[in-house]
Amino acid sequence: MTLQELNTQARPTWCPGCGNFGIWNGVKRALVALNADPTTTVFIGGVGCSGKIPHWINTFGFHGLHGRTLPVATGIKLANHKLTVVAEGGDGDGYDEGMNHLIHACRRNINITYIVHNNQVFGLTKGQTSPTADPGFVSSTSPWGSRELPINPLALTIAAHATFVARTYAADLEHVTKIITEAVKHEGFAIVDILQPCVTFNHTNTYDWYNSRVYKIGPEETGRGKHDATDKLAAMKRAEEWSDKGIPIGIFYQEKRTSFDGGMPQLKKGPLVEKDLSKCDNKKDKEKLF
Amino acid sequence: MVNPEVNRLSLKIAGPAGEGIMSAGHVFAKCCSRGGLYVVTENERPSLIRGGHNQFMIRAEAEPINSHINLVNVLLALDKQSALMHASELSYKGAIIYDKEDFELTPDMLGRHDLRLIGVPMRTIIKDIGAGKIVENAIAMGAAFGLLGYDLDILLKILKEEYGKHPEALAADIKAAQAGYAAARECTMQEPFTNTLKKVKAPKRMLINGLQAFNLGALKAGVSFLSQYPMTPSSGVIAGLAKAAEAHHIAIVQTEDEISSLNMALGASYAGVRALTATSGGGYALMNEALSLAGVTETGVVICLVSRGNPGTGLPTRTEQSDLMFVLNAGHGEFPHIVIAPSDPASAYVEAQRAFNLADKYQTPVTVLFDRHNAETYHTYEALPADLPIERGERFMVDEDVHGARRYEWNDNNGVSKVVIPSNKNGRFVASGNEHDPTGLMNDERETRTRMMQKRMRKLGAARAELPGPVLDGEEDADVTFVSWGSTLPIIKDARKFLEEKNISSSHLHLTYMNPFHGEEVAAILRKVKNPVLIENNATGQLGQLIRMHTGINIDRRMLQFDGWPFAPEEIAHRAEVGRW
């Protein structure tokens, strides 16, 4: 499979220079690197600029409601666990509307990948304050500057028992590709929060702003100490880092735990979609009622 | 002395919640069924775990019956309050079985001098067998058997079946039942009771309620996925199917909320399996957005809605038919939504299967609308109705090559395009909540939009044509014609029997398919009948509104009840008799 084959007839409608292009390319490169079969791969999009991505990746797609990518993705995975299932949405989608689903997807450990295009602003609805906006962020909905603290998606999902928690940066295509590849390979719920500049509506968290702060973490020495992704407390500590001195990117936390679908005895005989309905019978269940 | 009535009984067990009233009631109902009688139950309980007041009513007769009745022959009162509350419901010379060592009952106290007060020394019995208060139910049931002259072996056998896994508890229950039986036999030595039960030869019958029947139908239909957030009174769906999940290969997810439930079921259906969710009114409210998404993405799904008393948290454990208009108008925008309201377990069994067929064939949401009354009321059947064949409609099988077929291909006939699922070769498409073209790509051009809306809405007409049309049961010129939907069917059937005894003729138009609606057929029937009367468990006569909307016909005589309780057949018959609506 080539990158070109992953394009559809439609072209992305994002603004020129949008961070979404980096994520889109990274996702496609990861699929190529994984040699994924587009016929058994499903992308689920939410609502927002990022949520439209299933229209622009030539796999199967489900473009649903605002904030509801994870339930749809969970249903798809359980109906046919042979499928590779990836949900994508923005910060408003996942951290506002969909937060309840996110926390439960973490503890459920359903074997899907969740990519959050986190641009710290509402793009498609024209620049309102997002749940990850920095304090003081000025927009049409907070002209006085945001008075709420931002969601910390990494600390939150680590605490919620996600088994793969990572952050990457849209402008670093190689890193995006690498992290998404690892996330899709992971057996269990993998969340990748992606720092994504919005060139039209976020004039605070720009490419320059991120470039001067982002630094990589990993098992090797990167100048800011080695990071052991199996150490939950170390992961939490890194997740708390968000300042002018640095914003870490990389795999924060990874743990081996039986996935929800992997531990479900109902799925052992094969994907439910292959069940022969003509053999469904309720005789024994009826007998119990006599 | 009048001869006792044989095999015609109405018995009520009442007491504080947490005392095992529901399970005792179920055991007694099973005993009646096992003895060859037809059984119908009715239970009422408040929304709490301990305390409050529970009641379980069992009506059992040798001839077929459809509904509970108000009149009670025997009351098992597990506390004083129960005796005082229900004494007025008792038939002439009816009986109260109670613990005379717990409280005293006198005719003056009850305002009834005809009643048989069967005081059983329960505390002594409990002490003698060295058990806990928990065996009170068994003592009371044993006493009822003694009073009714019913074969105690039936009770002992059912107790063994139900509690055989706990030998110690079972042994205590058996001793308790025997002691209760002996105590009541003694009381009836001088004067036999007004009612007796005798084992009759009859085919074995199952004792089944509406949700159990719905679950059995869903199993036969091959349900493979259930996502549900527990909500009274719909939790019987997940509890029932979870037990069957492994044997039948059904993925069960207890979700974080009802928004998740329906979205998850949509995901499962999109991936190719028969998917179900269940809830009550409040949860259904949360599902509205996803319902609309199911419509536009043409994703078939079955939603089981068990209504309770509304609005708000309302009456969580009580019954009401107040969600009809809500369901018919649920979801933003316009999309085809099939709504079916089963009446009794037999119809629940068939309609569950039909719902899955319709969801697959028309690729759109199907709501099966129960209310607490028909979800929880037990009936007896030798056999459930015949199964419907599984019809999955036009769809590609797993891994099949679609050879360029477009998921949302135009269809000017019935609006249905062939379903493509992930894994289909050359079938990649997006199921989009945005308006889209036949390939699924977002498209808001005026012509595409108009044609897509027409394509989707066309499905309703096709579905209407295949649904069984309304039938008037009885004569057009009957003195009264009842018009109803859902859970009231069995109650009205028995009300009509009572009217027949009084030489009042009646007929009945009962509707099951609420959308698509058979407007013309309903109008044709209503134009012919003499005296239509609307019977509904809601405050605004919602079926009446629906009929008027579709036919222009206004039914101005109506009997509405919205106190959280089902109608009783006697009440309906009485109103028809006096002719006041």
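These lines cover the structure that appears in this document, whether it is placed above or below. (Residues numbered from 1 in each chain as written. Chains lettered and ligands numbered in written order. Predicted model: local features only at pLDDT ≥ 70, side-chain atom pairs only at ≥ 80, totals over all residues. Heavy atoms only, no water.)

### Observations concerning the overall build of chain A
Here is step 1 of the chain: When helices and strands are tallied, chain A shows nine helices and 10 strands.
Here is step 2 of the chain: In terms of C-alpha radius of gyration, chain A reaches 20 Å, essentially the compact-globule figure of 19 Å for 290 residues.
Here is step 3 of the chain: Looking at chain A residue by residue over its 290 residues, the buried ones come to 60%.
Here is step 4 of the chain: If you take every contact in chain A between residues at least 6 apart in sequence, the share linking residues at least 24 apart comes to 70%.
Here is step 5 of the chain: Of the roughly 11700 Å² that chain A leaves accessible, carbon and sulfur atoms contribute 53%.
Here is step 6 of the chain: Computed over 32 positive and 29 negative side-chain charges, the inter-centroid distance for chain A is 4 Å. (Helix = DSSP H or I, 4+ residues; strand = E, 2+ residues; numbered from the N terminus. Rg over C-alpha atoms; globule rule 2.2 N^0.38 Å. Buried < 20%, exposed > 50% of the residue type's maximum accessible area, 1.4 Å probe, protein only. Contact = heavy atoms within 4.5 Å. Areas by Shrake-Rupley, 256 points an atom, 1.4 Å probe, with all protein chains shown as cover. Lys, Arg positive; Asp, Glu negative; His and termini not counted. Charge placed at Lys NZ, Arg CZ, Asp CG, Glu CD.)

### Examining the pairing of strand 2 (residues 60-63) of chain A
Here is step 1 of the chain: Burial along strand 2 of chain A is two-sided: A:F60 and A:F62 and A:G61 and A:H63, pointing in opposite directions, are all buried.
Here is step 2 of the chain: With four bridges connecting them, strand 1 (residues 41-45) of chain A and strand 2 of chain A associate as parallel partners. Following the sheet pairing, A:I44 is matched in strand 2 of chain A by A:F62.
Here is step 3 of the chain: As defined by bridge partners, strand 2 of chain A adjoins strand 17 (residues 430-432) of chain B across three bridges and the pair is classed as parallel. Looking across to strand 17 of chain B, one finds that A:F62 is bridged to B:A431. (Pairing = 2+ DSSP bridges.)

### So, the interface of chain B and chain A
Here is step 1 of the chain: Taken residue by residue, the interface counts 69 residues in chain B and 51 residues in chain A.
Here is step 2 of the chain: Across the chain B/chain A interface, buried area totals approximately 4900 Å², and carbon plus sulfur atoms make up 65% of it.
Here is step 3 of the chain: Three residues stand out in chain B for area buried against chain A, namely B:H249, B:E256 and B:R428, and they jointly supply 15% of the buried area on that side.
Here is step 4 of the chain: In this structure, B:E256 engages A:R108 in a salt bridge whose closest nitrogen and oxygen atoms are separated by 2.8 Å.
Here is step 5 of the chain: In terms of residue count, the dominant contributor to the side of chain B that touches chain A is helix 10 (residues 258-270) of chain B (seven residues).
Here is step 6 of the chain: When its residues are assigned to classes, the side of chain B that touches chain A shows 35 nonpolar, 20 polar and 14 charged. (Buried area = accessible area lost by both parts, 1.4 Å probe. Salt bridge = Lys/Arg side-chain N within 4 Å of Asp/Glu carboxyl O. Nonpolar A, V, L, I, M, F, W, Y, C, P; charged D, E, K, R; others polar.)

### Regarding the nonpolar core
Here is step 1 of the chain: Within the largest apolar cluster, 99 residues are counted, with the highest numbers of intra-cluster contacts made by A:F189, B:F225, B:M514 and B:L543.
Here is step 2 of the chain: Residues contacting A:F189, with those up to four places away along its chain left out, are A:L70, A:L102, A:A105, A:C106, A:N109, A:I110, A:N111, A:I112, A:Y114, A:A162, A:T163 and A:F164.
Here is step 3 of the chain: Listed in part, the 54 residues of the second largest apolar core include B:A29, B:I139, B:Y150 and B:A172. (Core = buried A, V, L, I, M, F, W, Y, C linked by side-chain atoms within 4.5 Å.)

### Section: unusual backbone geometry
All names here are of chain B.
Here is step 1 of the chain: With an omega dihedral of 0 degrees, the bond running from T232 to P233 counts as a cis peptide bond.
Here is step 2 of the chain: With respect to the element layout, P233 can be found in the loop between strand 10 (225-228) and helix 9 (235-248).
Here is step 3 of the chain: Looking along the chain, the bond that leaves N310 and enters P311 is cis, with omega of -10 degrees.
Here is step 4 of the chain: Structurally, the position occupied by P311 is in the loop between strand 13 (301-307) and helix 12 (324-328).
Here is step 5 of the chain: In this structure, K93 is a non-glycine residue whose phi angle is positive, near 65 degrees.
Here is step 6 of the chain: Within the secondary structure, K93 sits in strand 6 (residues 90-99).
Here is step 7 of the chain: Here the phi dihedral of Q363 falls at roughly 50 degrees; this positive angle occurs in a residue that is not glycine.
Here is step 8 of the chain: Turning to its location among the elements, Q363 is positioned in the loop between helix 13 (345-362) and strand 15 (365-371).

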